[in-house]
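Architecture at a glance
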Amino acid sequence: MLAIKGMMAQRGHGDHAHRIRLPELSLAPGQCLAITGPSGCGKSTLLETVGLLLAPSELECFMLGKPQKDVATLWRTREQGELAKLRARDLGFVLQSGGLLPFLSVADNIALPRRIQSLPIKSDRITQAVDRLGLIPLMEKRPAMLSIGERQRVAFVRALAHEPQLLLADEPTAALDPHSAHGLFALFMEVVKELQIAALVVSHDWALVETFGVPRFDAVTVKGETVFEPRP
Ligand SMILES: Nc1ncnc2c1ncn2[C@@H]1O[C@H](COP(=O)(O)OP(=O)(O)OP(=O)(O)O)[C@@H](O)[C@H]1O
């Protein structure tokens, strides 16, 4: 689960700073929420802040996972080691760029989060996801030998490999054709439900998000800040 209250973050400094605000957000296990808004409004900034990659400038409350961890206190007391542990164990990222390690094969990229957590490398769920996304012929290849869409599919499986509590996805279907995008999103929703993972997904594809009945938080500009609020 995820519960955030009164979160602010900023990119840059002074007059050129870009500020985002998230008044309130809560997600139960197995629930997915889409983040939408125009290019440059701060969706990735929001995702990075929720993903503990960017320090918030204000934060009232941030509870994550089961048992609940008090992330707001960890930020306040600057416990970077604990934050890093949470990031590795409880979060899964699907980044816009794929973020795969170029010197590892697809198989080793996918195995990495489980290796880091000392979990058994073999997992039926991962084998199934690899199969459903047509990745079996690619397992021994390096990321540089893959298309962008293939990299995105690998990144998706890798993000789920250690069964995190919260999945953060930045445009996970952006490089895919409509058929593959639908297939990946369907699998995304299935896995989120099955594993009871809370998921935040940034997407420009409103039609796709609506097809799957995913609720949305949209960006509105208020006094020079981007505020993310539920869309009625
Ligand atoms: N390192 C940085 N320093 C200063 N400003 C930055 C930095 N990174 C991004 N920005 C600015 O912050 C704003 C928000 O960027 P962000 O990437 O979060 O937007 P976005 O909504 O995800 O955009 P897109 O949909 O195009 O990916 C933009 O105006 C961007 O120019």
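Rules used in this analysis
Residues numbered from 1 in each chain as written. Predicted model: local features only at pLDDT ≥ 70, side-chain atom pairs only at ≥ 80, totals over all residues. Helix = DSSP H or I, 4+ residues; strand = E, 2+ residues; numbered from the N terminus. Expected span 1.5 Å × (residues − 1). Buried ≥ 20, exposed ≤ 12 C-beta atoms within 10 Å, placed from the backbone. Contact = placed C-beta atoms within 7 Å. Arc of directions from axis to C-beta. Pairing = 2+ DSSP bridges.

By the naming in an unreviewed UniProt entry, the protein chain is ABC transporter ATP-binding protein, taken from Vreelandella sedimenti.

On to helix H6 (residues 148–160), then. One turn of an α-helix holds 3.6 residues; hence residues three or four places apart share an orientation. If you check H6, its first and last C-alpha atoms are 19 Å apart, about what 13 residues at 1.5 Å a residue would give, namely 18 Å. H6 sits mainly inside the fold: eleven of its 13 residues count as buried. Where H6 is concerned, the buried positions are Glu 150, Arg 151, Gln 152, Arg 153, Val 154, Ala 155, Phe 156, Val 157, Arg 158, Ala 159 and Leu 160. Considering only its buried residues, H6 is in contact with strand S6 (91–94), helix H4 (106–116), helix H5 (124–132), strand S7 (166–170) and helix H7 (178–194).

The end-to-end C-alpha distance of H7, which contains 17 residues, comes to 24 Å, matching closely the 24 Å that a straight helix rising 1.5 Å per residue would cover. Within the sequence span of H7, burial applies to Ala 181, Leu 184, Phe 185, Phe 188, Val 191 and Val 192. Buried residues along H7 cover an arc of 130° about the axis, so they all sit on one side. Exposed residues on H7 whose side chains face more than 90 degrees from its buried face are His 179, Glu 190 and Glu 194.

Let's shift gears to the environment of Leu 104. Inspection of the secondary structure assignment puts Leu 104 in the loop between S6 and H4. The class for Leu 104 is partly exposed, based on 14 C-beta atoms found within 10 Å. Along the backbone, Leu 104 and Gln 165 are 61 residues apart, and their C-alpha atoms lie at a distance of 25 Å. With sequence-adjacent residues up to four places away left out, Leu 104 is seen in contact with Asn 109 and Leu 112.

For the rest of this paragraph, the subject is the pairing of S6. Because side chains alternate across S6, one face comprises the buried residues Leu 91 and Phe 93, and the other comprises Gly 92 and Val 94, equally buried. Where S6 lies against S7, four bridges are found, and the strand directions are parallel. In the sheet register, Val 94 faces S7, and the bridge partner there is Ala 169.

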